[in-house]
Amino acid sequence: MIEFKNVCKKYPNGTLALDDVSLTINDGEFVFIVGESGAGKSTMLKTLFREEKISSGSLTVDGYDLVKIKNRQIPHYRRKLGIVFQDFRLFPDKTVFENVAFAMRVIGEPTRSIKRRVPTILSIVGLQDKYNDFPRELSGGEQQRVALARALANNPSIIIADEPTGNVDPKMSLDIMNLLLKIQKRGKTVLVVTHEKNFVDYFQQRVITIKNGKIVDDKVGGMFDA
Ligand SMILES: Nc1ncnc2c1ncn2[C@@H]1O[C@H](COP(=O)(O)OP(=O)(O)O)[C@@H](O)[C@H]1O
Ligand SMILES: [Mg+2]
């Protein structure tokens, strides 16, 4: 469970990016987060993966108190999360297989379990034929699916995607959204920041709208109305 209680985030330059945000996201939910550019969406996600500390209020994720968490606990905490960015952030000189495997190696997963698990994950995202390709040999949509596979590598309970279709063409964007939904149906909590009004209206999921750092709307089956 993710729980924001009266969360404010003020950047050192004085910008109040989150202004008294309170909200609960239960395990297994699918949530779209929408709002104008500069509304505070990325900041909200950054506080979740603890790239940014909140300035006041409380934030807990699956029993981790992100105000009190010690720096040495953060890597362990982050294993709960699978993170996907707009710009993919793949290693250009590693193959598809190695991009996904790397995420497992860094946490010390044994080679035999990597060899078993990477193909399974690549099949989930439909890239079972692309093991040995390099990112530059793939389309934007395929690269984003590799990023999604990498996010899934360590079996996180929460997937966080910040405008995952921002650099992907419209048809591929639908694939990515469907895939995120499929991942939710497999039991994960999925948070997606997006500008894609069409998808938000079509998928009829919970929609949280942020404006000037405040939550101005939060409803299931909601429409994109930022
Ligand atoms: N590192 C930072 N330092 C100062 N201000 C920031 C920083 N990151 C974001 N902001 C500001 O915080 C506000 C919210 O930004 P952001 O969360 O990136 O919005 P969104 O993702 O909705 O476009 C904006 O006014 C932005 O300029
Ligand atoms: Mg953003």
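Residues numbered from 1 in each chain as written. Chains lettered and ligands numbered in written order. Predicted model: local features only at pLDDT ≥ 70, side-chain atom pairs only at ≥ 80, totals over all residues.

Enquirer: I'd like a description of the pairing of strand β8 (residues 189-193), backed by residues and values.
Expert: Of all the 5 residues making up β8, 5 are buried; the element is thus mostly covered by neighbouring parts of the structure. Here β8 shows no split at all, with Thr189, Leu191 and Val193 on one side and Val190 and Val192 on the other all buried. As defined by bridge partners, strand β7 (residues 158-162) adjoins β8 across 5 bridges and the pair is classed as parallel. Bridge pairing links Ile159 to Val190 in β8. Once the chain exits β7 it traverses helix α6 (residues 170-185) before rejoining the sheet at β8, and the crossover so formed is right-handed. (Buried ≥ 20, exposed ≤ 12 C-beta atoms within 10 Å, placed from the backbone. Helix = DSSP H or I, 4+ residues; strand = E, 2+ residues; numbered from the N terminus. Pairing = 2+ DSSP bridges. Right-handed = clockwise from strand over helix to strand, strands pointing away.)

Enquirer: Account for the sheet that holds strand β2 (residues 16-25), naming residues and giving values.
Expert: The sheet built from 4 strands is open, its strands ordered β2-β1-β4-β5 with antiparallel pairing. The open sheet terminates on both sides in strands that have one partner only, identified here as β2 and β5 (64-65). In this sheet, β5 lies alongside strand β4 (residues 56-61) in antiparallel orientation, the contact comprising 2 bridges. In the strand pairing of β5, Thr60 is matched with Asp65. Against the sheet, helix α1 (residues 41-48) engages β1 (2-10), β2 and β4, with an angle of about 115° to β1. (Contact = placed C-beta atoms within 7 Å. Axes fitted to C-alpha atoms, helices over the stretch in contact; angles between N-to-C directions.)

Enquirer: Lay out the domain arrangement of the protein with the relevant residues and their values.
Expert: According to the domain assignment, the protein contains domain 1 (1-80 + 156-226) and domain 2 (90-155). Listed as interface residues are 12 residues of domain 1 and, on the opposing side, 12 residues of domain 2. For the side of domain 1 that touches domain 2, the element with the highest residue contribution is α6, accounting for 5 residues. Class assignment for the residues of the side of domain 1 that touches domain 2 results in 8 nonpolar, 1 polar and 3 charged. (Domains from an automatic or database assignment. Nonpolar A, V, L, I, M, F, W, Y, C, P; charged D, E, K, R; others polar.)

Enquirer: Tell me what's going on with unusual backbone geometry, and back it up with residues and numbers.
Expert: Of note, the phi angle at Asp62 is positive, near 45°, even though the residue is not glycine. For Asp62, a count of 14 C-beta atoms within 10 Å corresponds to the partly exposed category.

Enquirer: So what about the packing of helix α3 (residues 96-105) against helix α4 (residues 111-124)? Which residues, and what values?
Expert: Packing of α3 against α4 leaves a shortest axis separation of 10 Å and a crossing angle of 125°. Relative to α4, the element α3 is oriented oblique. Between α3 and α4 lies a crossing of right-handed hand. Side by side, α3 and α4 meet where Val96, Phe97, Val100, Ala101, Met104 and Arg105 of the first sit next to Ile114, Arg117, Val118, Ile121 and Leu122 of the second. The class makeup of the residues in the contact of α3 with α4 is 9 nonpolar, no polar and 2 charged. (Parallel < 35°, antiparallel > 145°, perpendicular 65-115°, else oblique. Left-handed = near helix turned anticlockwise from the far one by under 90°.)

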